[in-house]
Amino acid sequence: MRKILIAFAVVAGCLTIACTNEQKPAKTTENAVAANEELVLDTAMMEDVMAVFDAVNEVIEEMSDEEIIEMLDSSMMEMNNELPKEVAAGMTITKVDYSDKTITFFTEIDEQQIEIGDVTEEDMTKVMKEGILEDEEDPSKAVFLALCRRGETNIAFNYLFKPSEKEMKAVLKHGEY
């Protein structure tokens with residue numbers, strides 16, 4: 001368990017450093033060279049992050065079912081500490097729950113900002129799946145998905161539309177992502 005926590009800390013640290021390195025506009029040849037060197041360092045750093053991510057994936061594969069459940073529980077607690085969180089204009093995640101091998105993101109959608117029209121649960125599931133697969137480009141989200149896959153966990157979004165109070169649920173079963 002200590003090994004995986006250290007790996008997560010390294011990934012988080014590398015991502016923080018990579019995100020805080022700003023590219024400055026090149027006003028002189030010297031600045032252009034410096035900016036290019038910084039870009040090379042960022043690329044090298046991302047390669048390091050991906051190497052750590054690969055190592056984390058190996059550790060995840062070796063974890064017991066109990067350790068996976070513990071990590072998912074811990075992840076849910078951390079996520080809930082950061083909520084509510086607006087993830088897009090008019091869309092706010094209010095709670096995350098992990099039970100019965102399903103992680104559910106409770107999400108409120110402001111109908112005054114997002115028109116839902118004749119959207120179905122099938123449409124919402126398709127959009128959710130596309131979003132989750134896009135997120136796999138982000139190493140920290142990819143680690144989360146690796147934990148979910150290893151834990152044979154479903155991922156669900158419970159949408160509550162405001163002010164109509166209409167509810168919709170989109171579920172991706174393990175193996176669909």
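Note that the structure is predicted; figures quoted are calculated from it, not measured. Each residue is numbered by its place in its chain's sequence as written, counting from 1. Restriction of local features to residues with pLDDT of at least 70 applies here, the model being predicted, together with a cutoff of 80 or more for giving and counting side-chain atom pairs; totals for whole chains, interfaces and linings are based on all residues. Side-chain measures were taken over the full set of non-hydrogen atoms in the model, leaving aside hydrogen atoms and water.

1. Description of the environment of G151
For the purposes of this entry, the term helix denotes a DSSP run of H or I that reaches at least four residues, the term strand denotes a run of E that reaches at least two, and both are numbered from the N terminus. Along the chain, the position of G151 falls in the loop between α5 (139-150) and β4 (154-162). Burial classes follow relative accessibility: with a 1.4 Å probe on protein chains only, a residue under 20% of its type's maximum area counts as buried, one over 50% as exposed, and anything between as partly exposed. Classification of G151 as buried rests on a relative accessible area of 8%. Put simply, G151 and E61 are 90 residues apart on the chain and 9.7 Å apart in space, counted from C-alpha to C-alpha. Any two residues whose heavy atoms approach within 4.5 Å at even a single point are treated as in contact. Sequence-distant contacts of G151, that is, excluding residues within four places in its chain, are made with I68 and K101.

2. Section: unusual backbone geometry
Between L83 and the following residue, P84, the backbone shows a cis peptide bond with an omega angle of 0 degrees. Take P84: it is sitting in the loop between α3 (65-81) and β1 (85-88). Here the bond from K162 into P163 is cis, since omega is 15 degrees, no more than 30 degrees from zero. Looking at where P163 falls in the secondary structure, it is placed in the loop between β4 and β5 (167-172). Residues other than glycine seldom take positive phi values, yet K101 does so here, at roughly 55 degrees. Looking at where K101 falls in the secondary structure, it is placed in the loop between β2 (91-99) and β3 (102-110). In this structure, E165 is a non-glycine residue whose phi angle is positive, near 70 degrees. Along the chain, the position of E165 falls in the loop between β4 and β5.

3. Some words on the pairing of β4
Counting buried residues in β4 gives eight out of nine residues, a clear majority hidden from the surface. Sheet topology places β4 next to β5; six bridges connect them, and they run antiparallel. Among the inter-strand pairings, N158 is bridged to a residue of β5, identified as K169. For two strands to count as paired, DSSP must find a minimum of two bridges between them. The antiparallel pairing of β4 with β5 creates a hairpin that spans four residues between the two strands, and E165 there sits at a positive phi of about 70 degrees.

4. As for the confidence of the model for the chain
The score called pLDDT rates the predictor's confidence residue by residue, from a low of 0 to a high of 100. In the predicted model, the chain carries a mean pLDDT of 77, and 71% of its residues have values of at least 70. This model gives residues 1-30 a pLDDT under 50, and the stretch forms 43 contacts once residues within four places in sequence are excluded.

5. Here's the deal with the nonpolar core
Within the largest apolar cluster, 35 residues are counted, with the highest numbers of intra-cluster contacts made by I60, L72, I103, F105, I155 and Y159. Of all the secondary-structure elements, those providing two or more residues to this core are α2 (29-62), α3, β2, β3, α4 (121-135), α5, β4 and β5. Looking at this core element by element, the count peaks at seven residues for α5. Dropping the residues within four chain positions of it, I103 is found in contact with L72, M76, V96, D97, Y98, F144, C148, T153, N154, I155 and A156. As used in this record, nonpolar core signifies buried Ala, Val, Leu, Ile, Met, Phe, Trp, Tyr and Cys residues forming a set joined through side-chain atoms within 4.5 Å.

6. Quick look at the side chain of T107
Locating T107 in the fold gives a position in strand β3. Beyond its immediate stretch of four places on either side in the chain, T107 contacts M91, T92, I93, F157, N158, Y159 and L160.

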